[in-house]
Amino acid sequence: MQLALWLFASYLLGAIPTSYLVVRLVKGEDLRRLGSGNLGATNLYRTLGWRYAIPVAVFDLLKGAVPVKVFGPLAGDGTLIPLLLGIAAFLGHVFSVFLRFRGGKGVATGAGIVLGLAPGAFLLALSAWVLILAFSGYVSLASIVAALLLPPAVYVLEPARRPLLWLFVVLAILIVFFHRANIKRLLSGTEHRFGRHATARS
């Protein structure tokens, strides 16, 4: 019962629709009707700029890290529990109960999980993300590659986490899956490059 309550708390924390709330407060509009329609920090950046996107990205990262580092020790013993709580927060971010089970793609929240459990792997994946974004200009491509690097990075850099490697694989697969529309646009050459502000949908 105790674990179930912490899983629910982790889901609710992850489900806080940060980008949506910020745009509602600042512009009085629905972020789902602006730019790409995605509820992540990248679309928020294109809509409102860095001033709002950076704090939101940090908060979304904390939505993954807090369940792992704070809720985990309170939920019970076992190395699996913190990761399960992190996954619950990730699913909350992607399927927010507050927005009829819509949400972002989970990259920042997933990164928070990795930061809490495997900081070495987090730094490697973050470095790859930054480099790919800098050279390609595609946030989606950077996120996909960073996700794919995650399992081998955990295996090599975090030996103590190897028994949980399969869950890191699941997390990476989910992130790639939620980018499937971006993958189609990348292949067709129609994906938006980072730095272009979006306009509202008609």
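Given the structure is predicted, the values throughout are model-derived calculations rather than measurements.

Colleague: Go over the nonpolar core, please, and point to the residues and values.
Modeller: In terms of nonpolar packing, the biggest core is built from 23 residues, with Leu83, Phe90, Val114, Ala121, Leu150, Phe168 and Leu171 touching the most fellow members. Top element by residues in this core is helix 9 (residues 165–178). It accounts for 6 residues. Setting aside residues up to four positions removed in sequence, Leu150 forms contacts with Val114, Ala121, Phe168 and Leu171. Listed in part, the 10 residues of the second largest apolar core include Val22, Leu31, Leu39 and Leu48.

Colleague: Quick one: what's the story with helix 9, residue by residue and with numbers?
Modeller: Relative to the 20 Å expected for 14 residues at 1.5 Å per residue, helix 9 spans 20 Å between its end C-alpha atoms, a close match to the ideal helical length. Those residues of helix 9 not exposed but buried are Leu167, Phe168, Leu171, Ala172, Ile175 and Phe178. Projection of helix 9 onto a plane perpendicular to its axis shows the buried side chains occupying an angular sector of 145°, all on one side.

Colleague: Requested: an account of the pattern of salt bridges, with residues and values cited.
Modeller: Summed over all chains, the structure comprises 4 salt bridges. Of the charged contacts in the structure, one is a salt bridge between Lys63 and Asp60, with a shortest N-O distance of 3.3 Å. Placement of the pair is Lys63 and Asp60 together in helix 4 (residues 50–75), with a separation of 3 residues, close to one helical turn. As far as burial versus exposure is concerned, Lys63 and Asp60 are alike and both buried.

Reading the values: the criteria
- Residue indices follow the written sequence of each chain, beginning from 1 at its first position.
- Confidence filtering applies because this is a predicted model: local features only for residues at pLDDT of at least 70, side-chain atom pairs given and counted only at 80 or more, and all residues used for totals across whole chains, interfaces and linings.
- The basis for every side-chain value is the complete set of non-hydrogen atoms in the structure, without hydrogens or water.
- We define a nonpolar core as any set of buried Ala, Val, Leu, Ile, Met, Phe, Trp, Tyr and Cys residues linked to one another through side-chain atoms lying within 4.5 Å.
- Type-normalised accessible area, obtained with a 1.4 Å probe on protein chains alone, sets the label of each residue: buried when under 20%, exposed when over 50%, and partly exposed for intermediate values.
- What counts as a helix is a DSSP run of H or I of at least four residues, what counts as a strand is a run of E of at least two, and both are numbered from the N terminus.
- Should any heavy atoms of two residues lie within 4.5 Å, those residues are considered in contact.
- Residue count minus one, scaled by 1.5 Å, sets the expected span of a helix.
- The arc refers to the directions leading from the helix axis to the C-beta atoms.
- By definition, a salt bridge exists where a carboxyl oxygen of Asp or Glu is found within 4 Å of a side-chain nitrogen of Lys or Arg.

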